[in-house]
Amino acid sequence: ASFTVTTNNPAEGNQCIEFSSQSNGANRSPSFTAVTSGICYFRVRQSDTSTPTVGGGGMFYFDNATPEAIFRVEVAAGYVKLIGTTTVNIVAASNSTWYPIAVEVDTGTDQARAKAYTGGAWGSWTSWVGITASNGVVYVRLARSSDWAYTIAFDGITPTDPFLPI
């Protein structure tokens, strides 16, 4: 299964990546030079944010070279969550609403943290969560579970803060 590029309610521009079929699906990016620290920004929208339990929601994985997940952001149980060796809530989620998310990774200390842009400003960073030991993030992967009927969409994936003044 794969994601499709669609014009259905993008967060910015006129297209976003969306996946709505009820089959397991994951698309991995081409590999890139390992990132050992830094911030990744993206937007996520899910049609049903409360029904999927953890492990069943739409997921944005950060993978190592193996490739295997070292941590992920997931929309499940009413929240956008950061999941590493522990789980923290980034922001309460409503159905079909775009959430800009910033994720900071530091593989030197095996940690990640995140924050959401709400009410016209970036919120506070979550606490750091442990991540699976790695030599850096080499892939990002977008995925969804077959366990629930929902549409997941991603947009604006970038290493640059999209809300910086020009």
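See above for the structure.
Residues numbered from 1 in each chain as written. Predicted model: local features only at pLDDT ≥ 70, side-chain atom pairs only at ≥ 80, totals over all residues. Heavy atoms only, no water.

Draft legend 1. Seen up close, the overall build of the protein. Along its length, the protein carries zero helices and 14 strands. Beginning at the N terminus, the succession of helices and strands in the protein can be written as β-β-β-β-β-β-β-β-β-β-β-β-β-β. The C-alpha atoms of the protein give 15 Å as radius of gyration, which agrees with the globular expectation for 166 residues (15 Å, within 12%). Along the first, second and third principal axes, the C-alpha set of the protein runs to 40 × 35 × 30 Å. Burial analysis of the protein (166 residues in total) assigns 48% to the buried set. For the protein, restricting intrachain contacts to residue pairs at least 6 apart in sequence, the fraction spanning at least 24 positions comes to 65%. Carbon and sulfur atoms make up 48% of the accessible area of the protein, which amounts to about 7,500 Å² in all. Distance between charge centroids for the protein: 2 Å, based on 9 positive and 12 negative side chains. (Helix = DSSP H or I, 4+ residues; strand = E, 2+ residues; numbered from the N terminus. Rg over C-alpha atoms; globule rule 2.2 N^0.38 Å. Buried < 20%, exposed > 50% of the residue type's maximum accessible area, 1.4 Å probe, protein only. Contact = heavy atoms within 4.5 Å. Areas by Shrake-Rupley, 256 points an atom, 1.4 Å probe, with all protein chains shown as cover. Lys, Arg positive; Asp, Glu negative; His and termini not counted. Charge placed at Lys NZ, Arg CZ, Asp CG, Glu CD.)

Draft legend 2. Broad picture of the environment of aspartate 63. With respect to the helices, strands and loops of the structure, aspartate 63 is situated in strand S5 (residues 58-63). A residue is classified by how much of its surface remains accessible, and aspartate 63, at 0% relative accessible area, is buried. A polar atom in the side chain of aspartate 63 sits 2.7 Å from the side chain of arginine 141. (Polar contact = N/O pair within 3.5 Å; in protein donor to acceptor, adjacent residues only side chain to side chain.)

Draft legend 3. Quick peek at the layout of surface pockets. In this structure, the largest pocket occupies an estimated 230 Å³ of space. Along the wall of the largest pocket there are 15 residues; nearest its centre are Phe32, Val35, Ile39, Cys40 and Phe62. Taken together, the elements giving at least two residues each to the lining of the largest pocket come down to strand S4 (37-46), strand S9 (99-106) and strand S14 (152-158). (1 Å grid on protein atoms, 1.4 Å probe; cavity = no way out; pocket = protein on both sides within 12 Å on 5 of 7 lines; lining within 4 Å. Points joined across faces, edges and corners; volume = space filled by probe spheres on them.)

Draft legend 4. Main features of the nonpolar core. In this structure, Phe42, Val44, Phe60, Phe62, Phe71, Val80 and Ile101 are the most contacted members of the largest nonpolar core, which totals 31 residues. Residues contacting phenylalanine 60, with those up to four places away along its chain left out, are Cys40, Phe42, Phe71, Arg72, Val73, Val140, Arg141, Leu142, Phe154 and Ile157. (Core = buried A, V, L, I, M, F, W, Y, C linked by side-chain atoms within 4.5 Å.)

Draft legend 5. Representation of the pattern of salt bridges in the model. Applying the stated criterion across every chain yields a total of five salt bridges. With a shortest N-O distance of 3.3 Å, glutamate 12 and arginine 43 are connected by a salt bridge. On the criterion of sequence distance, the pair formed by glutamate 12 in the loop between strand S1 (4-6) and strand S2 (16-19) and arginine 43 in strand S4 is long-range, its members being 31 residues apart. Taking the relative accessible area as the measure of exposure, arginine 43 reaches 13% and is therefore buried. Arginine 45 is the partner of glutamate 18 in a salt bridge, and the nearest nitrogen-oxygen pair spans 3.4 Å. (Salt bridge = Lys/Arg side-chain N within 4 Å of Asp/Glu carboxyl O.)

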